[in-house]
Amino acid sequence: MVRGPALTQTMWTADEIARLCYEHYGTRLPKKGKPEPNREWTLLAAVVKVQLVADWACGGSNRPTQVTKEVVSMGTGTKCIGQSKMRKSGDILNDSHAEVIARRSFQRYLHYQLHLAAALKEDSIFVPGTQRGLWKLRPDLLFVFFSSHTPCGDASIIPMLEFEDQPCCPVSRDWANNPSVEADGNLEAPENKKKCEDLGSPVTKKMRLEPGIPDGVGHHQSFGNQESGPIPPSISGSNLTTQELATVTGMAPSGAKVVDVYRTGAKCVPGEAGDSGKPGAAYHQVGLLRVKPGRGDRTCSMSCSDKLARWNVLGCQGALLMHLLEKPIYLSAVVIGRCPYSQEAMQRALTGRCQNVSALPKGFGVQEVKIQQSGLLFEHSRCAVQAKRADGPGRLVPCGAAISWSAVPEQPLDVTANGFPQGTTKKGIRCLQASAIIKHPLS
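Criteria and thresholds
- Residues numbered from 1 in each chain as written.
- Predicted model: local features only at pLDDT ≥ 70, side-chain atom pairs only at ≥ 80, totals over all residues.
- Heavy atoms only, no water.
- Helix = DSSP H or I, 4+ residues; strand = E, 2+ residues; numbered from the N terminus.
- Polar contact = N/O pair within 3.5 Å; in protein donor to acceptor, adjacent residues only side chain to side chain.
- Contact = heavy atoms within 4.5 Å.
- Salt bridge = Lys/Arg side-chain N within 4 Å of Asp/Glu carboxyl O.
- Buried < 20%, exposed > 50% of the residue type's maximum accessible area, 1.4 Å probe, protein only.
- pLDDT = per-residue confidence, 0-100.

Caption draft 1: Representation of the side chain of S147. Here S147 lies in strand β8 (residues 141–147). Side-chain polar atoms of S147 contact the side chain of E99, separated by 3.5 Å. Not counting chain neighbours up to four residues away, the residues in contact with S147 comprise L44, A45, E99, V335, I336 and G337.

Caption draft 2: Structural view of the pattern of salt bridges. Under the counting rule described, the total for this entry stands at twelve salt bridges. The residue E70 makes a salt bridge to K49 at a minimum N-O spacing of 3.3 Å. Taken together, the residues E70 in strand β3 (residues 64–76) and K49 in strand β2 (residues 44–54) connect sequence positions 21 residues apart. E70 gets classed as partly exposed once you look at its relative accessible area, which sits at 39%. The exposure class of K49 is buried, given its relative accessible area of 13%. Between D95 and K292 there is a salt bridge whose closest N-O contact spans 2.7 Å. One end of the pair, D95, is in strand β5 (residues 95–97); the other, K292, is in the loop between β12 (290–291) and α6 (304–314), with 197 residues separating them in the sequence. Side by side, D95 and K292 carry an identical accessibility label, which is buried. Through salt bridges with shared partners, one network takes in D154, D306, R348 and R353.

Caption draft 3: Spatial organisation of α6. Of all eleven residues making up α6, nine are buried, and the element is well covered by its neighbours. Burial in α6 covers these residues: C304, S305, D306, K307, L308, A309, W311, N312 and V313. Each element contacted by the buried residues of α6 is listed here: β5, α2 (98–119), β8, β12 and α8 (343–350). Count one or two residues on from α6 and you reach G315, which has phi positive near 90°.

Caption draft 4: Highlighting the confidence of the model for the protein. The predicted model of the protein averages 76 in pLDDT, with 68% of residues at 70 or higher. When pLDDT is averaged over each element of the protein, strand β13 (residues 333–336) comes out on top at 98 and helix α3 (residues 173–176) at the bottom at 36. Between residues 165–245, whose pLDDT stays under 50, and residues either more than four places distant or in other chains, the model counts 169 contacts. Throughout residues 432–443 the model reports pLDDT below 50, and contacts reaching past four residues in sequence, or to other chains, amount to 26 contacts.

Next comes the structure, spelled out in structure tokens:
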């Protein structure tokens with residue numbers, strides 16, 4: 001469990017974290033690698049360091065009197081390499097989803113900070129542990145993970161209520177019996193994707209929401225200072241059996257009519273239980289492990305929901321750094337930007353599925369991570385770009401580039417495409433220059 005003052009005080013809000021990340025994206029990241037205006041969209045993720053300054057003069061109280069927040073890693077991206085494109089040489093990035101890039105950049109930051117601590121050159125986030133040769137995180141620090149969109153996979157399977165305009169193509173029974181088309185992004189309808197992206201089609205129009213509710217925010221459980229939406233009429237099971245409704249109605253507000261669920265393109269792990277494929281709210285089965293989709297080529301990368309759940313048990317530091325740390329580096333909170341969202345689905349995907357994990361080494365365990373949503377929309381999200389371009393010509397597509405930024409002095413920025421440094425030619429892939437991305441053990 002998370003200990004210390006981290007969750008005992010209101011030290012930050014979800015909007016503060018989101019605003020800090022958006023400002024960092026706009027001012028610290030160059031134009032290279034960002035989406036082409038009015039044509040492309042992307043996802044953003046980051047790790048924010050929160051430092052508490054305690055007032056020890058007030059009767060020994062450890063009440064924080066000052067809080068500083070700093071972005072220490074950031075990533076953008078929506079792509080993942082298919083299984084057939086993986087390389088035994090290890091010189092290609094398999095997973096370039098924003099959440100994974102942000103964590104990879106965070107590991108690079110941790111390595112640099114540990115180098116500072118060992119060299120005794122300047123202040124570091126690490127201090128000597130109780131065991132000789134091991135280090136631990138300073139007690140006045142914590143880390144908050146931010147993502148502009150709900151993670152792909154289990155966290156993206158959220159109820160679609162009757163009073164919400166459906167932002168994806170309706171699922172037909174014909175397609176449900178032949179789901180052969182892969183989806184590429186989060187919360188996408190996997191069927192007839194080209195038709196969905198045709199801006200002439202009414203299904204791509206901006207979602208119409210109740211007054212006072214931000215675009216893209218589902219009417220789900222309220223938290224913090226956010227208000228929940230109006231309660232619609234009582235639930236109806238006219239098109240679903242009781243058993244099918246039970247899968248998703250537990251995530252909906254009391255009395256809401258669940259007419260469908262948002263689709264995730266992430267596919268169930270082969271050999272395990274799978275989705276029913278039935279139309280409507282029973283299409284997905286929740287709680288399952290999934291792999292990211294590819295354009296016709298299955299990937300070997302687990303969904304971001306699954307990876308976040310793993311980090312919440314094993315930490316974000318990775319196996320290599322753990323040899324030098326006394327305790328794992330856990331995230332204290334996860335903040336999601338403005339998008340379709342369910343608090344219950346996030347809790348289930350990140351922590352609920354892991355409650356039975358046992359026989360872990362000393363110091364490891366399922367964390368009570370704080371999960372919140374911001375009401376601020378990412379400027380280069382699909383929803384934001386689609387709203388700006390209105391009925392502009394051409395299709396709206398995900399950005400093919402991925403940006404990695406880390407708070408380190410030596411080459412903090414990397415821009416990649418298709419798993420290689422952006423601009424690498426097919427001929428250059430065979431050259432050693434194409435392996436320049438592997439600048440540290442965690443690339």
